[in-house]
Amino acid sequence: MNLNPAVFRRATIAALALAVVGQACTLSLFQSPLNGGVTPTAVNVPPSPTPMVAAQTTFVVTLPEPLQPNEALAIAILDEVTGLSLNATQYPMTARDSLTYTATLPLPVHTIVKYRYVRRGATQVLEDTHRGAPIRYRMYLVESPGETQDIVADWGDKSYARPSGTILGQATNADTGSPLPNILVNAGGAQSITDSQGRFELTGLPVGTQNLVAYSMDGMYRAFQQGAAVADGQTTVVNLRMKPLPLVNTTFIVTVPDSTVPGVPVRIAGNILQLGNTFADLLGGVSVSPDRMPVMRLQPDGRYAVTLALPAGAHIQYKYTLGDGYWNAEHKADGTWNLRELIVPETETVFEDTVLSWSAGDSPILFEVNVPAVTLPSDIVYIQFNVFGWMEPLPMWPLGRNRWAYKLYSPLNILGSFSYRYCRNGQCGSADDAQTAGPAPAGRQVAASVLGQDIQDTVAAWKWFENPEPVTLVGASIAPRSSGFMAGVEFQSFYRPNWSYYMPQAFLNTQSIGSNIVVLTPAWTCNTVNPFEIAPVPGEDPLWIDSAIMISQARAQGLNVALFPTLRFPDGAETFWQNAPRTAQWWQEWFSRYRKFAVHYADLASQTGAQTLVLGGEWVLPAMPGGTLPNGSPSNAPDDSELQWKSIIAETRQHFKGQVLWALPYTQAALQAPLNFLKEADGIYLLWSAALSSNPSATKVDYANEAGRLLDNEVAPLASLLDKPVILAVAYPSAAGAAMGCVPDGKGGCLDWNSLSRPNPDVGAASLSLQTQADIYEAMLMTVNLRPWVRGFVSRGYYPPAALQDKSMSAHSKPVADILWYWYPRLLGTIQ
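Residues numbered from 1 in each chain as written. Predicted model: local features only at pLDDT ≥ 70, side-chain atom pairs only at ≥ 80, totals over all residues. Heavy atoms only, no water.

1. With respect to the overall build of the protein chain
Next up, step 1: Within the protein chain one finds 10 helices and 43 strands.
Next up, step 2: Taking the principal axes of its C-alpha atoms as reference, the protein chain extends roughly 75 × 65 × 50 Å.
Next up, step 3: Classification of the 832 residues of the protein chain by burial places 59% in the buried group.
Next up, step 4: In the protein chain, 76% of the contacts between residues at least 6 apart in sequence involve partners at least 24 apart.
Next up, step 5: With the model as given, the accessible surface of the protein chain reaches about 30600 Å², and the carbon-plus-sulfur share is 51%.
Next up, step 6: For the protein chain, the distance from the average site of its 53 positive side-chain charges to the average site of its 67 negative ones is 4 Å. (Helix = DSSP H or I, 4+ residues; strand = E, 2+ residues; numbered from the N terminus. Buried < 20%, exposed > 50% of the residue type's maximum accessible area, 1.4 Å probe, protein only. Contact = heavy atoms within 4.5 Å. Areas by Shrake-Rupley, 256 points an atom, 1.4 Å probe, with all protein chains shown as cover. Lys, Arg positive; Asp, Glu negative; His and termini not counted. Charge placed at Lys NZ, Arg CZ, Asp CG, Glu CD.)

Shown next, in the form of structure tokens:
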């Protein structure tokens, strides 16, 4: 069942709003951005927010075992805007008996409360799920005075064997019946995000009645709450009907302290997607990202304003900030963080607020830095702080002429000495100041002081962008291909929420080298091997709305879009397959879940206008007919695996009418497997990283000759047998040994080439060789030029957020990008 077009339009409006508002400011510091400022018409201007009505809410919790004599229990009310562990308020609970505790709190009506239980003794211990996963939070919808009952399954330092069950169901639009993707469903502290069909599943829940809350992360639907009885080993089905909320223009006007540096960007951080919440545990325990927050506009009277389309009736928690929810956020007079709260009115409203102070503690610290002349005009310099670990980077303020500044106001009351560093485009750990490069550097040092400080720094060089190398292009006679030829770039599957701001530039770069398609590789995460469970993890996998935004941005650049969904295995695919039981029952579950995964992305492609869906990939090889494990042993794939794959392809076609390709790795195991089911696909997306020489002194011509031999002898017969077009998806790192198929790992073996991709730490055993990568790609294009039956060429592993001339497979701003820039337009016939 596909999404209703009207429902998708609502989701698209929210997605585009999120894309537009989350922009890092590139205004020159001290230059007041008066032109284009918001001058709202006051529709309803209250002198101050109306106090929210409170309802007495009782929390009753059952523990797995009695507390020790020196222990107490507390309920922690959480603040996701500042950071779940950074500004929690704990309330002591009272014992009813040895296992049951209670607390009654006055909580605002129509709000969503996020909370969890804490065992307090010599240390504080947070609760876990039955499977030992940390609980981010439980949720409760306050509608009136009431009581909710919870069950603690485990503690972070203890596990208990106890009966459990499952809740599953579907979330739908109460008005249309259409399924709702991207809904956060929470019960017992476990959470699930609905797929394209609105399906969710919560497993391992303790037996008893669980409070279930379904929450729209963009606020577009009214929250749903009900109790759900969980029985031992049983599945409870709960279907959720959620009421859509109308969008209302809501204007925020804020007066900032006189100490605010004139013209700096003021943002709104909040608890919904549109206000920068990622619903993820980001670095340092924060959840909101400044790159995804609305940036307010400076008005002629010195105030800041922004108008947002927000869902009427949605519960909004928010604060004003010069950084994120933790750094440089507004504070109350007593120095504590200020978190504002409102229910979005049903009519257009203007809210006027005043920030009392940005400061908390010692005097502000001004950081000023000069950066290298090679810094790209589109780059933004960030500063990253380390107090109890490196935290999320913050965009600095441009001064012009490669100078940047950032004034740190707070929270200096809890810092003392701390470290900091600079990086480009928020990619600290990858696009670093060469002096403080890598995932865990000591950083530059600074200490808070009662006296103001002005720190002057210089970045002498950017790591992996010290002196960008040009390339010498050699002319070639290139035969233009037919209109169906695919020339493109495949983005790497790693993802971070702060990439969102840099994706439009990445698509522009992709288009500017002559590409006609971009291949996006959204991922889900494999949470457990047995049972096999997969789902998107916020902050690590793009959510539905994130992918929808990216597709819209790519199409705005005139690019076709292919979706190539994949799975992310925390311990690696090889370990996953070795640990999988691979019994008949396990395989049945594996195919069932892959089918839902494929349908999810078929729906996404259909609803967003993507032209191509790519199924398969390296990680599914063991599940193919006659499949083998990475070590070469049989995978015990079921006898009906070919029928399973035919059925999956057929079902995806019911949801998506565009082109369906199959990603087939160029390996002997893959080519020798029974591949009749591939006749159901529209073409082969051949994942190509073949060794092209055993001679370190080989030339481009040698590479081209070997590639031609392999294609003619091993790939052309398959293409002829299947009568399907072949698209070469090429991946070679810019490292010595790539042409021979082995980048030495320094231990007598070969590196997994993905280990060279950012944000992985640098592998010192590998030697950088940008020229090797450029020569390989030019040789491969020469080979394709002579073989009309090859219907496309895609460069894999592109790193979107920053230009790096590193050892990875990415072509971003490397010499190989110039090779593609020369060849792509000529292959497509746009340049003769």
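And the narrative resumes.
2. Here we look at the sheet that holds strand β32 (residues 453–458)
For sheets, the rule is that strands pair by backbone hydrogen bonds, running either parallel or antiparallel.
Next up, step 1: Taking strand neighbours across the sheet as the criterion, the 4 strands line up as β28-β29-β25-β32 in an open arrangement whose pairing is mixed. Two strands bound the open sheet, and with one partner strand each, they are β28 (397–400) and β32. Here the strands of the sheet are splayed against their neighbours by 25 degrees on average, with no regard to which way each runs. (Pairing = 2+ DSSP bridges. Axes fitted to C-alpha atoms, helices over the stretch in contact; angles between N-to-C directions.)

3. Some thoughts on unusual backbone geometry
Next up, step 1: The amide bond that connects Ser410 to the next residue, Pro411, takes the cis arrangement and shows omega of 5 degrees.
Next up, step 2: Between Arg758 and Pro759 the backbone carries a cis peptide bond, its omega angle lying at 10 degrees.
Next up, step 3: Looking at where Pro759 falls in the secondary structure, it is placed in the loop between β42 (726–730) and α9 (770–785).
Next up, step 4: The phi dihedral of His110 falls on the positive side, at around 70 degrees, and the residue is not glycine.
Next up, step 5: Here His110 is to be found in the loop between β5 (100–108) and β6 (111–120).
Next up, step 6: Unusually for a residue other than glycine, Asn636 sits at a positive phi of about 60 degrees.
Next up, step 7: Looking at the element boundaries, Asn636 is found in the loop between β39 (612–616) and α6 (641–655).

4. Quick word on the pattern of salt bridges
Next up, step 1: All told, the structure shown has 38 salt bridges when counted by the stated rule.
Next up, step 2: Between Arg119 and Glu71 there is a salt bridge, with the nearest N and O atoms lying 2.9 Å from each other. Taken together, the residues Arg119 in strand β6 and Glu71 in the loop between β1 (54–62) and β2 (72–77) connect sequence positions 48 residues apart. Of the two residues examined, Arg119 and Glu71, each falls in the buried class.
Next up, step 3: Residue Glu618 pairs with Arg796 through a salt bridge whose shortest N-O separation is 3.3 Å. Residue Glu618 is found in the loop between β39 and α6, and its partner Arg796 is found in strand β43 (residues 790–798); the two are separated by 178 residues along the sequence.
Next up, step 4: Counted as one network, the salt bridges with shared partners bring together Glu80, Lys114, Arg136 and Asp281. (Salt bridge = Lys/Arg side-chain N within 4 Å of Asp/Glu carboxyl O.)

5. Quick notes on the pairing of β43
A regular strand places its side chains on the two faces of the sheet in alternate fashion.
Next up, step 1: For β43, a buried count of 8 out of 9 residues is recorded, marking the element as mostly surrounded by other parts of the structure.
Next up, step 2: Inspection of the sheet shows strand β33 (residues 486–491) paired to β43 by 5 bridges, in the parallel sense. Considered in β43, the bridge of Val489 is made with Ser795.

6. Digging into helix α3 (residues 544–556)
Next up, step 1: For α3, which comprises 13 residues, the first-to-last C-alpha distance of 18 Å matches the rise-based estimate of 18 Å (1.5 Å per residue) to within 8%.
Next up, step 2: Taken across its 13 residues, α3 has 10 buried, putting it largely inside the fold.
Next up, step 3: Along α3, the residues classified as buried are Trp544, Ile545, Asp546, Ser547, Ala548, Ile549, Met550, Ile551, Gln553 and Ala554.
Next up, step 4: Directly after α3, the chain includes Gly558, whose backbone phi takes a positive value near 80 degrees. (Expected span 1.5 Å × (residues − 1).)

7. So, the packing of α3 against helix α5 (residues 584–608)
Next up, step 1: For the pair α3 and α5, interaxial distance at closest approach is 10 Å and the crossing angle is 40 degrees. Considering their axes alone, α3 and α5 lie oblique with respect to each other. Crossing geometry of α3 relative to α5 is assigned as right-handed. Here Trp544, Ser547, Ala548, Ile551 and Arg555 of α3 lie close against α5, whose contacting residues are His600, Asp603, Leu604 and Thr608. (Parallel < 35°, antiparallel > 145°, perpendicular 65-115°, else oblique. Left-handed = near helix turned anticlockwise from the far one by under 90°.)

8. Side note on α9
Next up, step 1: Given a rise of 1.5 Å per residue, 16 residues ought to cover 22 Å, and the 23 Å separating the end C-alpha atoms of α9 matches this to within 8%.
Next up, step 2: Burial runs high along α9: 14 of the 16 residues are buried.

9. Details of the confidence of the model for the protein chain
Next up, step 1: With 94% of its residues at a pLDDT of 70 or more, the protein chain shows a mean pLDDT of 92.
Next up, step 2: Below a pLDDT of 50 lies the segment residues 5–9, which in the model reaches 7 contacts outside its immediate sequence neighbourhood of four places, other chains included.
Next up, step 3: Counted against residues more than four places away or in other chains, residues 11–48, with its pLDDT under 50, gives 88 contacts. (pLDDT = per-residue confidence, 0-100.)

10. Considering the state of the cysteines
Next up, step 1: The tally for this structure, following the rule as stated, stands at 2 disulfides.
Next up, step 2: What pairs with Cys423 in a disulfide is Cys428, and their sulfur atoms sit 2.0 Å apart. A torsion of -75 degrees about the S-S bond marks the disulfide between Cys423 and Cys428 as left-handed. Here Cys423 and Cys428 have matching classes, each one buried.
Next up, step 3: Sequence-ordered numbering of the disulfide-bonded cysteines in the protein chain gives the connectivity 1-2, 3-4. (Disulfide = S-S within 2.5 Å.)

11. Considerations on the sheet that holds strand β24 (residues 349–354)
Next up, step 1: Reading across the sheet, the 4 strands line up as β20-β21-β18-β24 and stay open at both edges, with mixed pairing between neighbours. Each of the sheet's edge strands pairs with one partner strand only, and the pair in question is β20 (297–298) and β24.
Next up, step 2: Examined bridge by bridge, strand β18 (residues 247–255) and β24 share 6 bridges and lie parallel to one another. Its bridge partner being in β24, Ile253 is matched across the sheet by Glu352.

12. So, the nonpolar core
Next up, step 1: Residues Trp590, Tyr594, Trp645, Trp662, Leu664, Trp688 and Phe793 are the most contacted members of the largest nonpolar core, which totals 119 residues.
Next up, step 2: Broken down by element, the residue count for this core peaks at 11 residues, all from α5.
Next up, step 3: Setting aside residues up to four positions removed in sequence, Leu664 forms contacts with Met624, Ala670, Leu671, Leu675, Leu678, Ile684, Tyr685, Leu686, Leu687 and Leu718.
Next up, step 4: Counting residues in hydrophobic clusters, the runner-up holds 84 residues, among them Val256, Leu342, Val459 and Leu543. (Core = buried A, V, L, I, M, F, W, Y, C linked by side-chain atoms within 4.5 Å.)

13. Considering the packing of α9 against helix α10 (residues 815–828)
Next up, step 1: The N-to-C vectors of α9 and α10 enclose an angle of 15 degrees; their axes lie 8 Å apart at closest approach. Relative to α10, α9 is oriented roughly parallel. Seen along the crossing, α9 lies across α10 with a hand that is right-handed. Taking contact as the criterion, the partners of Leu770, Gln773, Ala774, Tyr777, Glu778, Leu781, Met782 and Asn785 in α9 are, on α10, Pro815, Val816, Ile819, Leu820, Trp823, Tyr824 and Leu827.

14. Observations regarding the pairing of strand β29 (residues 403–408)
Next up, step 1: When strand β25 (residues 365–370) meets β29, the two strands line up antiparallel, connected through 6 bridges. Paired with Leu366 across the bridge in β29 is Lys407.
Next up, step 2: A loop of 2 residues connects β28 with β29, the two strands running antiparallel in sequence, and Arg401 in this loop sits at a positive phi of about 55 degrees.

15. Structural notes on the packing of aromatic side chains
Next up, step 1: If you walk through the whole model with that rule in mind, you get 55 aromatic pairs.
Next up, step 2: The ring centre of Phe465 lies 4.8 Å from the NZ or CZ of Arg424, which sits over that ring.
Next up, step 3: When the ring centre of Tyr822 is taken as reference, the NZ or CZ atom of Arg826 above it lies at 4.0 Å. (Phe/Tyr/Trp six-rings, centres within 6.5 Å; stacked < 30°, edge-to-face > 60°. Lys NZ or Arg CZ within 6 Å of the ring centre and 35° of its normal.)

16. Topic: the environment of Asp541
Next up, step 1: By the secondary structure assignment, Asp541 is in the loop between β36 (533–535) and α3.
Next up, step 2: For Asp541, a relative accessible area of 1% translates into the label buried.
Next up, step 3: Taking C-alpha positions, Asp541 is 23 Å from Asp762, a pair spaced 221 residues apart along the chain.
Next up, step 4: Once you skip the residues sitting within four places of it in the chain, Asp541 turns out to touch Tyr495, Ala523, Trp524, Thr525, Ala535, Pro536 and Arg568.

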